[in-house]
Amino acid sequence: MLFKNYNPLDKKMFQIMDENSNIKNEEYMPDLNKEELLTMYENMIQTREADLKALMYQRQGRMLTYAPNIGQEAAQVGSAFALEKKDWMVPSFRELGAWLTRGADLKMIYLYWYGNEFGSHIPEDLKILPVSVPIASHLNHAVGISWASTLQGKDEVSIAYFGDGATSQGDFHEAMNWAGAFNTPTVFLCQNNQFAISVPRGSQTSSETIAQKAVAYGMPGIQVDGNDILAMYVATKTAIERARRGEGPTLIEAYTYRIGAHTTSDDPTRYRTDDEVEVWKKKDPIDRMKKYLIDKGYLNEEENDRLVEKCGKIAEEAFKYVETNGKTKLDDIFKYHYKEITPQLLEQMEEYKEFLNERGEL
Ligand SMILES: Cc1ncc(C[n+]2csc(CCOP(=O)(O)OP(=O)(O)O)c2C)c(N)n1
């Protein structure tokens, strides 16, 4: 029903819970019990705490680099909560909440940002692809996986996560076109966080919404309030079920905002105003869900404090493990690109060793 009633060209954003935590779209309220709602919330808190700790460690020079997720927890947790274990998640690089919701170990995720290749070794029972840094290239992988699922008669759906900037890449259009033409069971989940590094969404495309791009490729498209976890869950679940029934792909635009920097190497004060950030901070997805749960009597401040503390400790423990076990051996960085190390790489390795030696760091 949701997609039949929704025309992306009307440019109305789908929302269930408004900024004041009131349910304004009762008709679409998901059938989630107290335990499920609290699990969703815990995933958001774990994401936020893991983010805050990662930022702190990076600033202390203990983490290589990091791409913060603050403000995007509902878009990620809500959507990932709608997946089944058999479905494939094809991420870009800013999906901490979706990774954790799918059961990925925070130690593994931290290892990746620590610069250790074991951060990309995903256990076989988790259907998640590794981080993809080339923007939009993974969208074709998602379509390929889901097409293979159709050809093999499996009912595994693929969900691809990407940012608004990715929609400017050719790969996005190829993936959307193929998915539409071959009716593949793919969900395209765009986290429109308003910026591709410093380039604002308005300069990426003259389409008024990302969701309306679905029309050209013959699939439903919907713009969802990305800070409303209930709406994100419902839209994604509807798209997943549709794909599983053989009805093809869907494009979901999660309308949200990147509160933090693009990565720890970026200074967002150079291209956006504090006032803009303040407006979005007031729409915090965690505050919104917290108030909803408190109003319902499912949570109180004390329990909330305990949860925040527990999640903070989990993040600290995960990082402790990484600092103790995650150091990459210098040889490993050079050795495994090719079956046998090339003369050029060998030269680079020797040069680097010499450099470290001179600094007394080897
Ligand atoms: C093919 C390609 N071009 C350029 C880059 C450099 N780059 C890294 S992140 C980024 C912006 C991505 O923005 P968006 O898709 O909106 O995702 P966000 O980072 O906002 O989550 C760019 C241009 C890249 N990684 N890959």
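Calculation criteria
Residues numbered from 1 in each chain as written. Predicted model: local features only at pLDDT ≥ 70, side-chain atom pairs only at ≥ 80, totals over all residues. Heavy atoms only, no water. Phe/Tyr/Trp six-rings, centres within 6.5 Å; stacked < 30°, edge-to-face > 60°. Helix = DSSP H or I, 4+ residues; strand = E, 2+ residues; numbered from the N terminus. Buried < 20%, exposed > 50% of the residue type's maximum accessible area, 1.4 Å probe, protein only. Axes fitted to C-alpha atoms, helices over the stretch in contact; angles between N-to-C directions. Parallel < 35°, antiparallel > 145°, perpendicular 65-115°, else oblique. Left-handed = near helix turned anticlockwise from the far one by under 90°. Contact = heavy atoms within 4.5 Å. Pairing = 2+ DSSP bridges. Nonpolar A, V, L, I, M, F, W, Y, C, P; charged D, E, K, R; others polar. Near = heavy atom within 4 Å. Areas by Shrake-Rupley, 256 points an atom, 1.4 Å probe, with all protein chains shown as cover. 1 Å grid on protein atoms, 1.4 Å probe; cavity = no way out; pocket = protein on both sides within 12 Å on 5 of 7 lines; lining within 4 Å. Sits in = over half its atoms within 2 Å of the grid points. Patch = residues over 30% accessible without salt bridge, like charges linked within 9 Å, V, L, I, M, F, W, Y side chains within 5 Å. Salt bridge = Lys/Arg side-chain N within 4 Å of Asp/Glu carboxyl O. Lys, Arg positive; Asp, Glu negative; His and termini not counted. Charge placed at Lys NZ, Arg CZ, Asp CG, Glu CD. Core = buried A, V, L, I, M, F, W, Y, C linked by side-chain atoms within 4.5 Å.

Novice: Would you mind going over the packing of aromatic side chains in detail, with residue names and values included?
Specialist: Enumeration over the complete set of coordinates arrives at 16 aromatic pairs. A centroid spacing of 6.2 Å and a plane angle of 80° characterise the contact between Tyr 114 and Phe 319, whose relative ring orientation is edge-to-face. Separated by 205 residues along the polypeptide, Tyr 114 in helix H4 (residues 106-114) and Phe 319 in helix H12 (residues 301-325) bring together distant segments of the chain. Centroid distance Phe 162 to Phe 172: 5.6 Å. Interplanar angle 50°. Geometry classified as tilted. Pair noted here: Phe 162 is in strand S2 (residues 158-163) and Phe 172 is in helix H6 (residues 170-182), with a separation of 10 residues, a long-range link. Note on accessibility: Phe 162 and Phe 172 belong to one class, buried. Among the aromatic residues, ring-to-ring pairing joins Phe 195, Tyr 255, Tyr 257, Tyr 271 and Trp 280 into one connected group.

Novice: Just give me the short version of the packing of helix H1 (residues 34-59) against H12, but keep the residues and values in it.
Specialist: The angle between the axes and the distance between the axes are what describe a pair of packed helices. Between H1 and H12, the shortest axis-to-axis distance is 8 Å and the interhelical angle comes to 50°. On the basis of the axis angle, H1 is oblique to H12. In the packing of H1 onto H12, the handedness of the crossing is right-handed. Seen from H1, the contacting residues are Tyr 41, Glu 42, Ile 45, Gln 46, Glu 49, Ala 50, Lys 53 and Tyr 57; seen from H12, they are Asn 304, Leu 307, Val 308, Lys 310, Cys 311, Gly 312, Ile 314, Ala 315, Glu 316 and Phe 319.

Novice: Before we move on, could you go through the sheet that holds strand S7 (residues 250-255) and cite the residues and values that matter?
Specialist: Strand order in the open sheet formed by five strands is S1-S2-S3-S7-S6, with parallel pairing between adjacent strands. In this open sheet, the two strands that pair with only one neighbour each are strand S1 (88-90) and strand S6 (221-225). Each strand of the sheet is rotated relative to its neighbour by a mean of 20°, with strand direction disregarded. Strand direction decides the pairing type here: S1 and S2, joined by three bridges, are parallel. Each residue of the ladder has a partner; that of Met 89, found in S2, is Ile 159. The sheet strands contacting H6 are S2, strand S3 (186-192) and S7, and the helix crosses S3 at an angle near 145°.

Novice: How would you summarise the packing of H1 against helix H11 (residues 285-296) if you had to cite specific residues and measurements?
Specialist: Relative to each other, H1 and H11 sit at 150°, their axes nearing to 11 Å. The orientation of H1 relative to H11 falls into the category roughly antiparallel. Considering only the axes of H1 and H11, their crossing is left-handed. Contacts between H1 and H11 involve Leu 37, Leu 38, Tyr 41, Met 44, Ile 45 and Arg 48 on the former and, on the latter, Pro 285, Ile 286, Met 289, Lys 290, Tyr 292 and Leu 293. Looking at the contact of H1 with H11 residue by residue, the classes come out as 10 nonpolar, no polar and two charged.

Novice: Describe the site of the ligand, naming the residues involved and giving the relevant values.
Specialist: For the ligand, the set of nearby residues contains 15 residues, the closest of which are Arg 94, Val 133, Gly 165, Ala 166 and Phe 195. Coverage of the ligand by the protein chains reaches 71% of its 580 Å² of free accessible surface. More than half of the atoms belonging to the ligand lie within 2 Å of the grid points that define the second largest pocket.

Novice: Summarise a negative patch on the surface; cite the residues concerned and give the values.
Specialist: Where like charges cluster on the molecular surface, the negative patch consists of Glu 347, Glu 350, Glu 351, Glu 354 and Glu 358. The topology assignment puts Glu 358 in helix H14 (residues 343-358). Glu 358 gets classed as exposed once you look at its relative accessible area, which sits at 66%.

Novice: A description of the pattern of salt bridges should follow, citing residues and the corresponding values.
Specialist: The final tally for this structure, using the stated rule, is 25 salt bridges. Here Glu 317 makes a salt bridge to Lys 320, at a shortest N to O gap of 3.5 Å. Here Glu 317 pairs with Lys 320, and both are found in helix H12, just three residues apart, close to one helical turn. Here Glu 317 falls in the partly exposed class, since its relative accessible area comes to 49%. With a closest N to O distance of 3.1 Å, Lys 353 and Asp 331 form a salt bridge. Separated by 22 residues along the polypeptide, Lys 353 in helix H14 and Asp 331 in helix H13 (residues 330-335) bring together distant segments of the chain.

Novice: I'd love a proper account of unusual backbone geometry, names of residues and values included.
Specialist: Comment: phi is negative for the bulk of residues other than glycine, and the bulk of peptide bonds are trans. We note that Ser 21 has phi near 70°; this positive angle belongs to a residue other than glycine. Within the fold, Ser 21 resides in the segment before H1.

Novice: Just give me the short version of the nonpolar core, but keep the residues and values in it.
Specialist: Core analysis: the biggest nonpolar cluster contains 71 residues, and Phe 14 and Tyr 110 have the highest contact counts within it. Of the residues forming this core, the biggest block, 10 residues, is contributed by helix H9 (residues 229-244). Excluding residues that lie within four positions of it along the chain, Phe 14 makes contacts with Leu 2, Tyr 6, Asn 25, Tyr 28, Ile 222, Gln 223, Val 224, Asp 225, Ala 231, Val 234 and Ala 235. Residues Phe 162, Ala 214, Met 219 and Leu 251 belong to the second largest nonpolar core, which totals 20 residues.

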